[in-house]
Amino acid sequence: MAKTGGFANFATGEKKTGAVLLPTHFTTAAQATKAGKQFGNLVRTYAAKSSKVMDENNQALVDITDAEQVQESSNSFGYSSRFSATGDEHPLFDSDTLNMTDEQMDNLENKLNLAQENGNILHEMAFSIRGDWLVENNLYDPETKQLDQDKLKRAEQHIVHDLFEKGGSQPLGQGPDDVVWFGAVHQDTDHLNMHIWYAKISPETRPSMLLKSGKPKGVIDFKAKHQAESKFRYEIESDATKIKRANVYEAVGNYRTQIKQDSLTRLDRTHKYTADLQKIYDVLPQDLRGRWKVGNTDKLVTNDTSRMAPANRQMNGLIDKLLTNELKDDYQEFRATAQKMDDMMAETHGNQHKGQEKWSEAQDKRLRKELANGIYRQFNEQFNTDQKINDGKFHKQAKGNFEKVKQRNDQPENPKMVTPHKPAPVGKLNKIAKRMTKQSRQEIQQMHRMLQDTMVDQSQNVSDESLSRHL
């Protein structure tokens, strides 16, 4: 950051840099000791009221004229309409105070030095905030040089514990009092810098928080850092900025809902789309019947890695036709509104988002995926004859295109060759059964008589033969 040679001379009119950046630096205990310095030296260095750190120009910038509203706002939101630094207070802050006393400074210095003696790492982070973004969010007045430092400090108080808890593989401290930290507002550069320093106090013994050499790790999780940056930015945004963004989110959501509703209605009731729906239905994998959907992706997969690919390819063509013709106007409004968020993000993040997917592009993918799943859902669902509720939602018709396609495909391939069989009456079946039983009895009796006759003949033959031998 370039030095300005004064306080609160922040540059304005910049759009290519991020509104809030968060660079990080680590200093090991060994490095500080070798340089003949102590972590606690930072406290006295930044406590001096100079152009670097000062509180005299601390004032809330709110458009409130009534005295009662000023007081109510101050009580509710912590706004300060007077200078915070009075008496022996210093503009350094931590979790407990926005302006430290001499006693608090001494305590802070001792804890930092103890952290160094125990071999721990001093983490330094700096929220670098663009001047014109401060102006847009009622945090800085370039004419009077007033800066709402109290609001900035409170925002940092609200996000530091997430850094301590989520920045490493385990929480930095091994208890609520095992981390020491403080912050300071620097005003002598072209961007406002809010520094924060923090360290573990007790010796580090946990293997996951140590390097192979046995020394503490000096790392911070990128996701945790990004979340802290986003949360800090949200904390200090003006209500007007939040409302503007919320309006865009709401409008895009409303357009998406309306497009999905209208698309199903037109597909079900417009004859020209019957053939398109038939092409999709014909290539759906039948063993997934009742479970057809796009899948856990952000877009329709059209290559052969997905079994739904043939249907998805046909689906893409149908969705393009809808959005180009019948739903053209709503779709163009949807795209234009989503692109407003692209512009807002470009102003907030600057070149940080260069090369990344735009928010509007992600919303377009989401719309197409939800349109496709809505169509697949109609193929999955059985038609309900009770769908007569006038609730404003889409209900497919018994003779609509969705049901026509399903019924056509569910019919037998050669209906003329199939001969229906009429079930026989129960009485007739009983007569047949009795007749069969009677015939079976007669056959058994006949076989029994034949067996007896055969045995008699054999007995007579044996007797005659024995008699002749005897004679």
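- The name an unreviewed UniProt entry gives the chain is MobP2 family relaxase, with Weissella sagaensis as the organism.

**Notes on the packing of helix H9 (residues 274-282) against helix H10 (residues 309-324)**
Item 1. Running from N to C, H9 and H10 point in directions that differ by 160°, and their axes come no closer than 8 Å. Here H9 lies roughly antiparallel to H10, going by the angle between them. For the element pair H9 and H10, the recorded crossing hand is left-handed. Here Asp276, Leu277, Lys279 and Ile280 of H9 lie close against H10, whose contacting residues are Ala311, Gln314, Met315, Leu318 and Lys321.
Item 2. Residue composition of the contact of H9 with H10, by class: 5 nonpolar, 1 polar and 3 charged.

**Overview of the nonpolar core**
Item 1. Ranked by internal contacts, the top residues of the largest apolar core, which has 37 residues, are Ile375, Tyr376 and Phe379.
Item 2. Elements supplying a minimum of two residues to this core: helix H8 (239-269), H9, H10, helix H11 (328-349), helix H12 (359-380) and helix H13 (401-410).
Item 3. No other element matches the 7 residues that H12 contributes to this core.

**What about the pattern of salt bridges?**
Proximity of charged atoms lets side chains of opposite charge pair with each other.
Item 1. Counted by the stated rule, this structure contains 18 salt bridges.
Item 2. For Asp287, the salt bridge is made with Arg307, and the minimal N-O distance between the two is 2.6 Å. Of the two residues, Asp287 is situated in the loop between H9 and H10 and Arg307 in the loop between H9 and H10; the sequence distance between them amounts to 20 residues.
Item 3. Arg368 is the salt-bridge partner of Asp364, the closest N and O atoms lying 3.0 Å from each other. Pair noted here: Asp364 and Arg368 are both in helix H12, with a separation of 4 residues, about one helical turn. Residue Asp364 shares its accessibility class with Arg368, and that shared class is buried.
Item 4. Through salt bridges with shared partners, a single ionic network connects Arg256, Lys260, Arg366 and Glu370.

**Focus on unusual backbone geometry**
As a rule of thumb, non-glycine residues mostly have phi less than zero, and peptide bonds are mostly trans rather than cis.
Item 1. A positive phi angle, near 55°, is found at Asn138, a position not held by glycine.
Item 2. Looking at the secondary structure, you find Asn138 in the loop between helix H5 (131-136) and strand E4 (140-141).
Item 3. Positive phi, normally seen in glycine, also occurs at Lys145, with a value near 65°.
Item 4. Tracing the backbone through its elements, the reader meets Lys145 in the loop between E4 and strand E5 (146-147).

**Description of helix H4 (residues 102-117)**
Item 1. Counted at 1.5 Å a residue, the expected span for H4 with its 16 residues is 22 Å, and the 23 Å between its end C-alpha atoms agrees.
Item 2. Listed in full, the buried residues belonging to H4 are Met105, Leu108, Glu109, Leu112, Asn113, Ala115 and Gln116. Viewed along the axis of H4, the buried residues span an arc of 155°, placing them on a single side of the element. Residues Glu103, Asn110 and Glu117 are exposed on H4 and point more than 90 degrees away from its buried face.
Item 3. Elements that come into contact with the buried residues of H4 comprise helix H1 (29-34), helix H2 (41-47), strand E3 (122-129), strand E6 (179-186) and strand E7 (192-200).

**Some remarks on the pairing of E6**
Item 1. Judged by how many residues are buried, E6 sits mostly within the fold: 8 of 8 residues are covered.
Item 2. Every second residue of E6 is oriented toward a common face, with Val179, Trp181, Gly183 and Val185 on one face and Val180, Phe182, Ala184 and His186 on the other, all of them buried.
Item 3. Bridge count for E6 against E7 is 8 bridges, and the pairing is antiparallel. For Val179, the partnering residue across the bridge sits in E7 and is Lys200.
Item 4. Remark: 5 residues form the turn of the hairpin made by E6 and E7, two consecutive strands paired antiparallel.

Calculation rules
Residues numbered from 1 in each chain as written. Predicted model: local features only at pLDDT ≥ 70, side-chain atom pairs only at ≥ 80, totals over all residues. Heavy atoms only, no water. Axes fitted to C-alpha atoms, helices over the stretch in contact; angles between N-to-C directions. Helix = DSSP H or I, 4+ residues; strand = E, 2+ residues; numbered from the N terminus. Parallel < 35°, antiparallel > 145°, perpendicular 65-115°, else oblique. Left-handed = near helix turned anticlockwise from the far one by under 90°. Contact = heavy atoms within 4.5 Å. Nonpolar A, V, L, I, M, F, W, Y, C, P; charged D, E, K, R; others polar. Core = buried A, V, L, I, M, F, W, Y, C linked by side-chain atoms within 4.5 Å. Buried < 20%, exposed > 50% of the residue type's maximum accessible area, 1.4 Å probe, protein only. Salt bridge = Lys/Arg side-chain N within 4 Å of Asp/Glu carboxyl O. Expected span 1.5 Å × (residues − 1). Arc of directions from axis to C-beta. Pairing = 2+ DSSP bridges.

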